[in-house]
Amino acid sequence: MSAFATVGGSFVREHLRAPLTLALLVVIPVFFVLIFASVLGEFADALGGTLAGGAATSAISAGWAAAFLCGALAFFQVSSSRGADRRLAAAGLGAARVALARIAAAVALGVVVSAVAFVTLWARNGIAHPWHSAAAILAFALIYVGVGALVGALVSGQLEGSLLVVLVFAVDAFSGPSMTSSGGILAHGPTRDAAKLLIAAGTGQSSSGGEWGAVAAAVTAALAVAFGAFWLAARSRSG
Amino acid sequence: MAAGRLSTAIAMGTREQRRRPLLLILLVVFPAYVISRSIAETQATPHTIGLPGGDLVLTSMKELHGAVMAGTAIAFAAGLCGVFVMQSALAGDRRLVLAGYRAGEAVLARLAVLAADTALVVAVSFAVTSLFFTPAAWVPFACAGVLLGVIYGALGALLGALLDKLAATYLMLFLVMTDLGIVQNPMFGDGTPVGWAAALPGHGPVRLMVDGAYSPTFHAGGELLLGLGWAAALGTTVYLLLARAVGTDAERMA
């Protein structure tokens, strides 16, 4: 347990060694909620969507900030650390514990990013259902931990992988609820249910048990995918 | 001799890119998806914008999205290419210098690869844009796209040289969204950028793009010069920085 905690802590520090990375993990959610949200309503209106009002646009911006930051973070975690993780696994920690430590680090950073986004959102608008909002923002972050880790497991090139994470993010953002007037298969991005919860929480509406269940299922699936991706990265060639 | 070495290094860089088919696919799919989806989804709501030179034009949000979305896609893709081409250069080119290359030759070969990636993104972006939108004057419109590719490709390379790749990726998103997505974007507010927008690197090219999109006569000389100035300054800085880093690292290893 102590080795697990030490390794997990090291994985967090690995990403925070560069002060600018830490600063951006704070600044980007603030930027999304305060600045980007101010034009998002106009943008959704131009796309024929119904995402109107400061509360809804700020809330969804907070979720997107957490999603993008955690997706890129998880991608680089898998992509940059295959060699080190294999050595850690081979040295006795085992691939499963390396994978769990990686997930713990990604979740810890996701919590930090989500907390910044949530506090900014609260300070800007006040939130009708604060705990629902916090859970939904964290769901965005954790779903993208799965997306980023999956891309990292499938794509070895860092330029290709980061472009793919951005492409998934763009598809998901465009297909978000109330963003456009169209439906179809592209209307079912990975964070669609979390976005519905977040918009409802931001605008003071309640969400059904089914919607909460769908978000819990998406988060569980994403973390399972992330575990598989980290485990494969640590396991291969380790014997 | 020097020309031969340079062409060999460029050929090696090109071969390396050809071995990465997913990269080429994404450099086509990313701008094609973002541009076509944006334009297709946008409603034809009326919106007035200001052109360089002071004229006002009544257009629609759909047309306007067609006019400016290519710039955002080009900037983001070229910026990410810049980040990772620079990271590869710092990791590998010192060996070329140790093997007898001049630092400048190794750097020029990398910049040629970056230019090829950017040219692909620009070509795809304009090909897709032309399916939905016809600018009033293609030459300034296309020049603006090329300038955005050069400026943001160089900015990405600069960030790739100075920062960790995660921070560089985050900052690229932040810069493109702030500069092109919000501050210069005529889709928001009164359709004319605020005064301090001129201090950002996307100002000249985006105003040139808007001029080419809506005006058959050219009014954006100052904006063109501003964009060329940014491109020259950033391009020179990247060349000098990378040549110094590659040369210094190689000397240290020797």
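Residues numbered from 1 in each chain as written. Chains lettered and ligands numbered in written order. Predicted model: local features only at pLDDT ≥ 70, side-chain atom pairs only at ≥ 80, totals over all residues.

1. Here's the deal with the overall build of chain B
Along chain B, the regular secondary structure elements total eight helices and two strands. Secondary structure elements of chain B occur, N-terminal to C-terminal, as α-α-β-β-α-α-α-α-α-α. Relative to its length of 254 residues, chain B is compact, with a C-alpha radius of gyration of 19 Å against a globular reference of 18 Å. Seen through its C-alpha atoms, chain B measures out along the principal axes to roughly 65 × 35 × 35 Å. Here chain B holds 254 residues, and 54% of them are scored as buried. Taking the intrachain contacts of chain B between residues at least 6 apart in sequence as the baseline, contacts between residues at least 24 apart amount to 77%. (Helix = DSSP H or I, 4+ residues; strand = E, 2+ residues; numbered from the N terminus. Rg over C-alpha atoms; globule rule 2.2 N^0.38 Å. Buried ≥ 20, exposed ≤ 12 C-beta atoms within 10 Å, placed from the backbone. Contact = placed C-beta atoms within 7 Å.)

2. Quick word on the interface of chain B and chain A
Contacts between the two partners involve 32 residues from chain B, matched on the other side by 32 residues from chain A. Elements with a minimum of two residues in the side of chain B that touches chain A: helix 2 (21–41), helix 3 (61–98) and helix 6 (165–183) of chain B. Sort the elements by how many residues they give to the side of chain B that touches chain A and helix 6 of chain B lands first, with 10 residues. By residue class, the composition of the side of chain B that touches chain A is 22 nonpolar, five polar and five charged. (Nonpolar A, V, L, I, M, F, W, Y, C, P; charged D, E, K, R; others polar.)

3. Thoughts on the pairing of strand 1 (residues 46–50) of chain B
All names here are of chain B. In strand 1, alternate side chains face the same way, and those of His47 and Ile49 are buried while those of Pro46, Thr48 and Gly50 on the opposite face are not. One ladder, built from five bridges, connects strand 1 with strand 2 (residues 56–60); its direction is antiparallel. From the neighbouring strand, Ile49 faces strand 2, where its bridge partner is Val57. Counted between consecutive antiparallel strands, the loop separating strand 1 from strand 2 contains five residues, among which Gly53 sits at a positive phi close to 100 degrees. (Pairing = 2+ DSSP bridges.)

4. Some thoughts on the environment of Thr237(B)
All names here are of chain B. Here Thr237 is to be found in helix 8 (residues 221–253). The exposure class of Thr237 is partly exposed, given the 15 C-beta atoms found within 10 Å. A C-alpha to C-alpha distance of 21 Å links Thr237 and Glu223, two positions 14 residues apart in sequence.

5. A closer look at the confidence of the model for chain A
For any part of a model where pLDDT is low, the fine detail of the predicted coordinates should not be relied upon. Mean pLDDT for chain A: 84, with 90% of residues reaching 70 or above. Per-element confidence in chain A ranges from a low mean pLDDT of 76 for helix 1 (residues 2–16) of chain A to a high of 93 for helix 6 (residues 130–154) of chain A. (pLDDT = per-residue confidence, 0-100.)

6. Observations regarding helix 8 (residues 192–202) of chain A
All names here are of chain A. For helix 8, a buried count of 10 out of 11 residues is recorded, marking the element as mostly surrounded by other parts of the structure. Restricting attention to buried positions, one finds in helix 8 the residues Asp193, Ala194, Ala195, Lys196, Leu197, Leu198, Ile199, Ala200, Ala201 and Gly202. Just past helix 8, the residue Gly204 takes up positive phi, approximately 80 degrees.

7. Concerning the packing of helix 5 (residues 95–125) of chain A against helix 6 of chain A
Residue and element names in this part refer to chain A. Contact geometry of helix 5 with helix 6 gives a least axis separation of 9 Å together with a crossing angle of 140 degrees. What the angle tells us is that helix 5 and helix 6 run oblique. Helix-helix and strand crossings are classified by hand; for helix 5 and helix 6 the assignment is right-handed. Across the interface between the two elements, Ala106, Val107, Gly110, Val111, Val113, Ser114, Ala117, Phe118, Leu121 and Trp122 of helix 5 pack against Pro130, Ser133, Ala134, Ile137, Leu138, Ala141, Leu142 and Val145 of helix 6. Here the residues of the contact of helix 5 with helix 6 are counted per class, giving 15 nonpolar, three polar and no charged. (Axes fitted to C-alpha atoms, helices over the stretch in contact; angles between N-to-C directions. Parallel < 35°, antiparallel > 145°, perpendicular 65-115°, else oblique. Left-handed = near helix turned anticlockwise from the far one by under 90°.)

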